[in-house]
Amino acid sequence: MTLIIKFHITIDVTQFVIYQVIYADYDKVLTKFELFALIVSAICHDANHDGFSNVYNVKAETPLGILFKNQSVMQTHHYQTSIGIISKEECNIFSTLNGQEYSQMWTIFIQLILATDMARHFDILKKFDELYKRGKFSMEDPEQRVLVMQMILKTGDISNVARPFELADKWCDVLCEEFFRQGDLEMANGMEYTSPLNDRSHLDKPKSQIGFYTFVCLPLYQAVAKAIPPLEVNVKQVQSNLAIWKARTEAKAKEGA
């Protein structure tokens, strides 16, 4: 069941990334090489995901947690798995690239997938914000082009928050069930919850979404809109969904009063 969900999430993320590129006419800004890297990274960003977080893998000392303890555990696993598949002769979609392009493709591919580690989230935002505030942001800079691609993929990775609310709400339930599955295993193994979101008996869904939207999602979408102004449309959707979550929390508080 987890693999089926992860497959749907992968398709959802890839669709959102492509939607953003087309909506903002970024297919005319990014090169074909960069577009290829971005789309393949979106497809592969969760390759062979087992539904458990980096923190869980490290604390539970799973094989992946032991192997990649001081790295982005699952993200390293995702790109390593993908490289193993794509490098096979019968699967090598990069085979027509020359030597320099081949090396560059893998470098960008790894940078993009590593960016989806939420432990890197605020560092990536800080890097962009500092460049933007100093007036140093430029798509003429190769490194900053990769930074923008990282942010585009990151918005795709949490794109449920920028969907119409009825879809955002459904995706929230799917993701909550994944968290609960990890939490159940943590309790069964005598571990503390690695996140309050993993406790199925005490989760306040609207309240949890307000925090996630306010401190994680909205700043990311606002940063992307600064770099790519047409994507302000996503900021408005996130704000609209946030308003609904706040209204639900207020309504719940009144019921309990």
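Our structure's up above, just so we're on the same page.
Residues numbered from 1 in each chain as written. Predicted model: local features only at pLDDT ≥ 70, side-chain atom pairs only at ≥ 80, totals over all residues. Heavy atoms only, no water.

A. Fine view of the overall build of the chain. Regarding its fold elements, the chain presents eleven helices and zero strands. Secondary structure elements in the chain, listed N-terminal to C-terminal, are α-α-α-α-α-α-α-α-α-α-α. Relative to a compact globule of 257 residues, whose C-alpha radius of gyration would be 18 Å, the chain shows 19 Å and is just as compact. Along the first, second and third principal axes, the C-alpha atoms of the chain reach 65 × 40 × 30 Å. Out of the 257 residues belonging to the chain, those deemed buried represent 47%. (Helix = DSSP H or I, 4+ residues; strand = E, 2+ residues; numbered from the N terminus. Rg over C-alpha atoms; globule rule 2.2 N^0.38 Å. Buried < 20%, exposed > 50% of the residue type's maximum accessible area, 1.4 Å probe, protein only.)

B. Here's a closer look at helix α9 (residues 165-188). End to end, α9 covers 34 Å across 24 residues, agreeing with the expected 34 Å (1.5 Å per residue, within 8%). Considered for burial, the residues of α9 that qualify are Phe165, Ala168, Asp169, Trp171, Cys172, Cys176, Glu178, Phe180, Gln182, Gly183 and Glu186. (Expected span 1.5 Å × (residues − 1).)

C. Inspection of the layout of surface pockets at higher detail. Size it by volume and the largest pocket reaches roughly 1,400 Å³. The wall of the largest pocket is formed by 50 residues, among which Ser53, Met118, Glu178, Phe179 and Phe212 lie closest to the centre. At seven residues, α9 tops the list of elements feeding residues into the lining of the largest pocket. Taken as a whole, the second largest pocket encloses approximately 320 Å³ of empty space. Surrounding the second largest pocket, 15 residues form its lining, Gln104, Ile108, Pro142, Glu143 and Val146 being those nearest its centre. When residues of the lining of the second largest pocket are traced back to their parent elements, those giving at least two are α2 (32-44), α6 (99-114) and α8 (142-157). Among the elements that make up the lining of the second largest pocket, the one with the highest residue count is α8 (seven residues). (1 Å grid on protein atoms, 1.4 Å probe; cavity = no way out; pocket = protein on both sides within 12 Å on 5 of 7 lines; lining within 4 Å. Points joined across faces, edges and corners; volume = space filled by probe spheres on them.)

D. Region of interest: the packing of α9 against helix α10 (residues 205-227). Where α9 contacts α10, the two axes come as close as 12 Å, and the packing angle between them is 105 degrees. In this view, α9 runs roughly perpendicular relative to α10, as classed from their interaxial angle. On the side of α9, the interface is formed by Ala168, Asp169, Cys172 and Asp173, while α10 contributes Lys205, Gln209 and Tyr213. (Axes fitted to C-alpha atoms, helices over the stretch in contact; angles between N-to-C directions. Parallel < 35°, antiparallel > 145°, perpendicular 65-115°, else oblique. Contact = heavy atoms within 4.5 Å.)

E. Seen up close, the packing of aromatic side chains. Counted according to the given criterion, the structure contains ten aromatic pairs. Put simply, the rings of Phe36, Phe94, Tyr102, Trp106 and Phe109 touch in pairs and so form one group of aromatic residues. (Phe/Tyr/Trp six-rings, centres within 6.5 Å; stacked < 30°, edge-to-face > 60°.)

F. Up close: the pattern of salt bridges. Following the criterion strictly, the structure yields eight salt bridges and no others. Here Arg145 ties to Glu34 by a salt bridge, and the two come within 2.7 Å at their closest N and O atoms. Here Glu34 lies in helix α2 and Arg145 lies in helix α8, a separation of 111 residues in the sequence. Taking the shortest distance from any N to any O, the salt bridge between Asp173 and Lys205 comes out at 2.6 Å. Of this pair, Asp173 sits in helix α9 while Lys205 is found in helix α10, placing the two residues 32 residues apart along the sequence. Among the residues examined, Asp173 registers a relative accessible area of 41% and is labelled partly exposed. What emerges from the salt-bridge pattern is a single network uniting Asp169, Asp173, Lys205 and Arg248. (Salt bridge = Lys/Arg side-chain N within 4 Å of Asp/Glu carboxyl O.)

G. Summary view of the nonpolar core. Tyr26, Leu38, Tyr221 and Ile228 are the most contacted members of the largest nonpolar core, which has 64 residues in total. Broken down by element, this core gets its largest block of residues, ten residues, from α10. (Core = buried A, V, L, I, M, F, W, Y, C linked by side-chain atoms within 4.5 Å.)

H. Spotlight on the environment of Tyr213. Mapping Tyr213 onto the fold places it in helix α10. For the pair Tyr213 and Leu242, spaced 29 residues apart in the sequence, the C-alpha separation amounts to 6.5 Å. Residue contacts for Tyr213: discarding those within four places in its chain leaves Val161, Ala168, Leu218, Pro219, Val238, Asn241, Leu242 and Trp245.

I. Looking closely at the side chain of Gln150. Within the secondary structure, Gln150 is located in helix α8. In this structure Gln150 comes out as buried when scored by relative accessible area, which is 14%. The contacts of Gln150, once residues within four sequence positions are left out, are Gln111, Leu112 and Ala115.

J. Focus on the side chain of Asn160. With respect to the helices, strands and loops of the structure, Asn160 is situated in the loop between α8 and α9. If near-sequence neighbours (up to four positions away) are discounted, Asn160 is found in contact with Ala168, Trp171 and Leu175.

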